[in-house]
Amino acid sequence: MLDLTNVRSTLAEHYDLAPNPDLAASMQDIYAKMDRVISPADWAIYAPYVKAINELKKTRNAVILGHNYMTPEIFHGVSDFVGDSLQLAMKATDVDADVIVQAGVHFMAETSKILSPEKTVLMPDMGAGCSLAESITAEGVEEMRAKYPGAPVVSYVNTTAEVKAASDICCTSSNAVQIVDAMESDTVIMTPDQFLAQNVANLSKKKVVFWPGSCIVHELYTADDLRAYRELDPEVKIIAHPECTPDVVAESDFTGSTSGIIKWVHDNKPAKAMLVTECSMASNIADELPEVEFAKPCNMCPYMKKISLEKILYVLHTMENQVEVDPDMATKARQSVQAMIDLSKKLGL
Ligand code: 13P
Ligand code: SF4
C-alpha cells in the first residue's frame, strides 16, 4: 500500500506540481479531448502531472495501457493505448517498450506480466483489485473440475494468475460466447462470473456451469430500475455490460464489452444513452460524441478509482510496485491467455 504522505513529499522534491493555469492553457490540444467533463480549474490541477508523466515516459521508455474505466485525465491525458481487457492484453504482447504502467486493476497488470515477462510492469496502486478476481482460487477451479469431470474450464481474464494457470483457456467479455462455443465438450465450466456465464449460456449452444462470483459494480443494476428509467424517458437507449444480470441484459438495447459499448454508441449515435456500467465510460466519450446525451445513473468501480495521476507519476519515478508472477505459474497462465488470444485472432475478433 502506497503511503500518500510519502508519495507527495517525494514528488514535491522533484516536480513542480502546483496548479498552473498557464501550463494548462499551453496543453489545450490534450484538454480539448475532455473539456466537456473536466473544468478549467481541474485541468489546471491535472496539467502539471500530465506533463511530468508524459516526459518521464520517454526517459523510461514506458507506455501506459489505460482501461476504458480510467478517469478522463488518465484516459486522454497520459494513456498511450486504451481499450477493453482483450485489447489491452493483445497490446501487452506487441508493445515496444521496457516498461508498462497498467492504468487499470491488478489482474490486468498480471496479464501484461504473464504475456511480457521481460518487461517491467508497474501498478500505480497494488490495492486496485477486483471482486471477481478475489472470488475464486485454484482450489475453486479444481472443485468445479471434480463436479463436472471432463468439462473444460473457461476463466474470465478477471482472475489471478493462479486461477488462469489452473484453467484451460481464458475469455473476456468481448469473446466469451465464441470461446465457449469453440470448446469440444457439450458442458463448459465458466469462472468466476455467474452473470457473464448465464448471459453466455443464453447465446451459446453449450451447457454452461459456473462459479458464483459477481462484479460489485454491475450486480447493483436491476431490471426494475431500467424499466422505470425507460418509462420516464422512452427515447433512451440502454446499453449494458455482460457482467450485469441476465434480467438487466434482457432489458437492454445492446450488450457488449467496454469497447463494444463505445463502438455501439459511435456507430448508432443515439440522442440519449444510458451506459449500464462504470461511470468513466460516458465521461471518456462525451467530447467525441457531443450529440449524445448520457443519462445517469452509473456506478463507480472503487478498485479502478484507486488509480490516479499522482500514483502513476510516483511509480514511474520510483519504479516501485513492480508486478511479479512466479515463472512456473506464469508459463501455465500464459498458455490459457495465449490460447484465448490465438482463438480470438483466428475468429477475427
Ligand atoms: P472489459 O473487458 O469489457 O473491458 O471489462 C473489464 C471489466 O473489468 C469490466 O468490469
Ligand atoms: Fe472488477 Fe467489476 Fe471493477 Fe471490473 S468493474 S474491475 S469486474 S469490480
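These notes cover the structure that comes with them. (Residues numbered from 1 in each chain as written. Chains lettered and ligands numbered in written order. Predicted model: local features only at pLDDT ≥ 70, side-chain atom pairs only at ≥ 80, totals over all residues. Heavy atoms only, no water.)

Description of the site of ligand 2
Consideration 1: Around ligand 2, a shell composed of Tyr69, Val105, Cys130, Ser131, Leu132, Asn158, Cys215, Val217, Glu243, Cys301, Tyr303 and Met304 is seen.
Consideration 2: Taken together, the residues of the shell around ligand 2 sort by class into nine nonpolar, two polar and one charged. (Near = heavy atom within 4 Å. Nonpolar A, V, L, I, M, F, W, Y, C, P; charged D, E, K, R; others polar.)

So, the sheet that holds strand β4 (residues 120–122)
Consideration 1: Taken in spatial order, the four strands make up an open sheet running β2-β1-β3-β4, and their pairing is parallel. Edge positions in the sheet fall to β2 (81–83) and β4, since each of these pairs with one other strand and no more. Between one strand axis and the next, the sheet turns by 20° as a mean value, whatever way the strands run.
Consideration 2: Relative to strand β3 (residues 99–103), strand β1 (residues 62–67) runs parallel, the two being bridged by five bridges. Pairing of leucine 65 across the sheet is with glutamine 102, part of β3. (Pairing = 2+ DSSP bridges. Helix = DSSP H or I, 4+ residues; strand = E, 2+ residues; numbered from the N terminus. Axes fitted to C-alpha atoms, helices over the stretch in contact; angles between N-to-C directions.)

Here's the deal with the nonpolar core
Consideration 1: In terms of nonpolar packing, the biggest core is built from 98 residues, with Trp43, Met190 and Leu275 touching the most fellow members.
Consideration 2: Counting residues per element, this core draws most heavily on helix α4 (residues 40–60), at eight residues. (Core = buried A, V, L, I, M, F, W, Y, C linked by side-chain atoms within 4.5 Å. Buried < 20%, exposed > 50% of the residue type's maximum accessible area, 1.4 Å probe, protein only.)

A short note on the site of ligand 1
Consideration 1: If you check the shell around ligand 1, you find His67, Tyr69, Asp84, Ser85, Asn158, Ser173, His218, His241, Glu243, Ser257 and Thr258 and nothing else.
Consideration 2: Take tyrosine 69: an N or O atom from its side chain is 3.4 Å from an oxygen atom of ligand 1.
Consideration 3: At 2.8 Å, a side-chain N or O of histidine 241 approaches an oxygen atom of ligand 1.
Consideration 4: Burial of ligand 1 by the surrounding chains reaches 96%, relative to a free accessible area of 300 Å².
Consideration 5: In the shell around ligand 1, the residues fall into one nonpolar, eight polar and two charged. (Polar contact = N/O pair within 3.5 Å; in protein donor to acceptor, adjacent residues only side chain to side chain. Areas by Shrake-Rupley, 256 points an atom, 1.4 Å probe, with all protein chains shown as cover.)

Section: the environment of aspartate 3
Consideration 1: Within the element layout of this structure, aspartate 3 appears in the segment before α1 (4–14).
Consideration 2: Judged by its relative accessible area of 45%, aspartate 3 falls in the partly exposed class.

Quick word on helix α16 (residues 309–318)
Consideration 1: Within α16, eight of the 10 residues are buried, leaving the element largely enclosed by the surrounding structure.
Consideration 2: Along α16, the residues classified as buried are Leu309, Glu310, Lys311, Ile312, Leu313, Tyr314, Val315 and Leu316.
Consideration 3: Lining the buried residues of α16 we find α1, α4, β1, α5 (72–75), β3 and β4.
Consideration 4: Backbone geometry just after α16 places methionine 319 at a positive phi near 60°. (Contact = heavy atoms within 4.5 Å.)

With respect to α1
Consideration 1: Considered for burial, the residues of α1 that qualify are Val7, Thr10 and Leu11. Axial view of α1: buried residues confined to an arc of 95°, hence all on one face. Residues Thr5, Ala12 and Glu13 are exposed on α1 and point more than 90 degrees away from its buried face.
Consideration 2: In this structure, the buried residues of α1 make contact with α16.
Consideration 3: N-capping of α1 is provided by aspartate 3, with a side-chain oxygen placed 3.0 Å from the backbone N of threonine 5. (Arc of directions from axis to C-beta.)

Thoughts on empty space enclosed by the protein
The method is simple in principle: a probe with the dimensions of a water molecule rolls over the atoms, and the space it marks as empty is what remains.
Consideration 1: According to the stated counting rule, one finds three cavities of 30 Å³ or more in the structure shown.
Consideration 2: Around the largest cavity, the lining comprises 24 residues; the ones closest to its centre are Tyr69, Cys130, Asn158, Glu243 and Met304.
Consideration 3: Partitioning the lining of the largest cavity into residue classes produces 12 nonpolar, nine polar and three charged.
Consideration 4: The wall of the second largest cavity is formed by Ser85, Leu88, Ala89, Gln102, Phe107, Met108, Thr111, Ser112 and Val157.
Consideration 5: Going through the elements one at a time, α6 (85–94) and α7 (106–115) are the ones with two or more residues in the lining of the second largest cavity. (1 Å grid on protein atoms, 1.4 Å probe; cavity = no way out; pocket = protein on both sides within 12 Å on 5 of 7 lines; lining within 4 Å. Points joined across faces, edges and corners; volume = space filled by probe spheres on them.)

Things to note about the pairing of strand β7 (residues 187–191)
Consideration 1: Burial runs high along β7: four of the five residues are buried.
Consideration 2: Sheet topology note: the strand β5 (residues 153–156)/β7 ladder contains three bridges and is parallel. Bridge assignment links valine 154 to a residue of β7, and that residue is methionine 190.
Consideration 3: Relative to strand β8 (residues 207–210), β7 is paired through four bridges, and the arrangement is parallel. Opposite threonine 187, over in β8, you have lysine 207 as the bridge partner.
Consideration 4: Note that the unit made of β7, helix α11 (residues 194–201) and β8 has a crossover that is right-handed. (Right-handed = clockwise from strand over helix to strand, strands pointing away.)

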